[in-house]
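# What the coordinates show
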Amino acid sequence: MSQHHSSTAQAYSKEVQFSEKTMTEFKNILAKYDSKRSALLPVLHLTQDEFGHLSDEAIVYVAKLMDLSPAQVLEVVSFYHMFHRHPVGQHHLQFCVTLSCWMNGSHQLMKSTCSRLGIRAGETTADGKFSVVGVECLGSCGSAPVVQVNETYYENLTPEKLNRLIASCKDGEPRQP
Ligand code: FES
């Protein structure tokens with residue numbers, strides 16, 4: 001009974017807490033910076049690595065650790081597109097849909113990717129392998145169209161290159177097509 005109660009409570013309390021290993025890394029990061037505030041970006045990366053995305057609960061947790069308000073943390077999280085507020089797939093495909101990329105067919109590439117994966121933009125496949133979103137300019141307009149998969153850019157995309165990229169993701173490791 002108590003075990004059932006505790007696992008149910010765990011499922012619904014949405015409490016987040018660093019593992020011991022991550023807490024050690026957190027302390028190591030803090031030691032490298034003069035102020036906690038300047039350590040916020042690396043701490044947010046660490047937090048996202050730990051939890052997969054930055055939920056409201058994770059933001060409150062980081063705010064407490066960093067002596068900041070949740071609003072201050074959220075402001076930074078919202079500014080950078082590499083931070084995810086919701087769960088994303090193992091391969092998170094972020095299609096730039098701003099002008100240069102749009103003019104070079106990024107919408108069409110995103111649309112064909114979505115239909116190939118059976119999801120809509122903003123969704124994640126049922127197996128958790130892929131998610132697709134449209135994002136604002138990735139700052140690489142000279143090599144449009146561009147898709148960012150997790151932290152890596154894939155530029156001058158064509159439908160064929162995109163096919164190869166997705167195939168390599170399916171094989172487990174995205175490669176430059
Ligand atoms: S418009 Fe796509 S990278 Fe700038």
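All values reported here derive from a predicted model rather than from experimental measurement.

## Points about the overall build of the protein
Helix and strand counts for the protein come out as eight helices and four strands. Mapped in sequence order, the helices and strands of the protein form the string α-α-α-α-α-β-α-α-β-β-β-α. Taken over the C-alpha atoms alone, the protein extends approximately 50 × 45 × 25 Å along its principal axes. Out of the 177 residues in the protein, the part that is buried amounts to 22%.

## Quick look at unusual backbone geometry
Following Ala 144, the chain continues into Pro 145 via a peptide bond in cis, with omega recorded as -5°. With respect to the helices, strands and loops of the structure, Pro 145 is situated in the loop between strand S2 (130-135) and strand S3 (147-149). Phi angles above zero are rare outside glycine, and Asn 150 is one such case at about 55°. With respect to the secondary-structure elements, Asn 150 resides in the loop between S3 and strand S4 (152-154). In the Ramachandran plot, Asn 156 falls in the positive-phi region, its phi being about 50° despite a non-glycine side chain. Looking at the secondary structure, you find Asn 156 in the loop between S4 and helix H8 (159-170).

## Considering the sheet that holds S3
The strands making up a sheet associate through hydrogen bonds between their backbones, and the pairing can be parallel or antiparallel. Taken in spatial order, the four strands make up an open sheet running S2-S1-S3-S4, and their pairing is mixed. Each edge of the open sheet is held by one strand with a lone partner, namely S2 and S4. Looking at each pair of strands side by side, their axes are set apart by 25° on average, direction ignored. Relative to S3, strand S1 (residues 91-96) is paired through three bridges, and the arrangement is antiparallel. Bridge pairing in S3 links Leu 93 to Val 149.

## Description of the packing of helix H2 (residues 20-32) against helix H3 (residues 40-51)
Their axes nearest at 10 Å, the elements H2 and H3 cross at an angle of 170°. Between H2 and H3, the crossing angle belongs to the class labelled roughly antiparallel. Here H2 contributes Thr 22, Glu 25, Phe 26 and Ile 29 to the contact with H3, which in turn contributes Pro 42, Val 43, Leu 46 and Glu 50. Counted by class, the contact of H2 with H3 contains five nonpolar, one polar and two charged residues.

## Considering the environment of Cys 96
By the element assignment, Cys 96 lies in strand S1. Cys 96 sits in the buried class, given 28 other C-beta atoms within 10 Å. It is 14 Å that separates the C-alpha atoms of Cys 96 and Ser 112, two residues lying 16 residues apart in sequence. Ignoring any residue separated from it by four or fewer positions in sequence, one finds Cys 96 in contact with Cys 101, Ser 106, Val 135, Cys 137, Leu 138, Pro 145 and Val 146.

Conventions we followed
- Residues numbered from 1 in each chain as written.
- Predicted model: local features only at pLDDT ≥ 70, side-chain atom pairs only at ≥ 80, totals over all residues.
- Helix = DSSP H or I, 4+ residues; strand = E, 2+ residues; numbered from the N terminus.
- Buried ≥ 20, exposed ≤ 12 C-beta atoms within 10 Å, placed from the backbone.
- Pairing = 2+ DSSP bridges.
- Axes fitted to C-alpha atoms, helices over the stretch in contact; angles between N-to-C directions.
- Parallel < 35°, antiparallel > 145°, perpendicular 65-115°, else oblique.
- Contact = placed C-beta atoms within 7 Å.
- Nonpolar A, V, L, I, M, F, W, Y, C, P; charged D, E, K, R; others polar.

In short, shape yes, function no, at least from these values alone.
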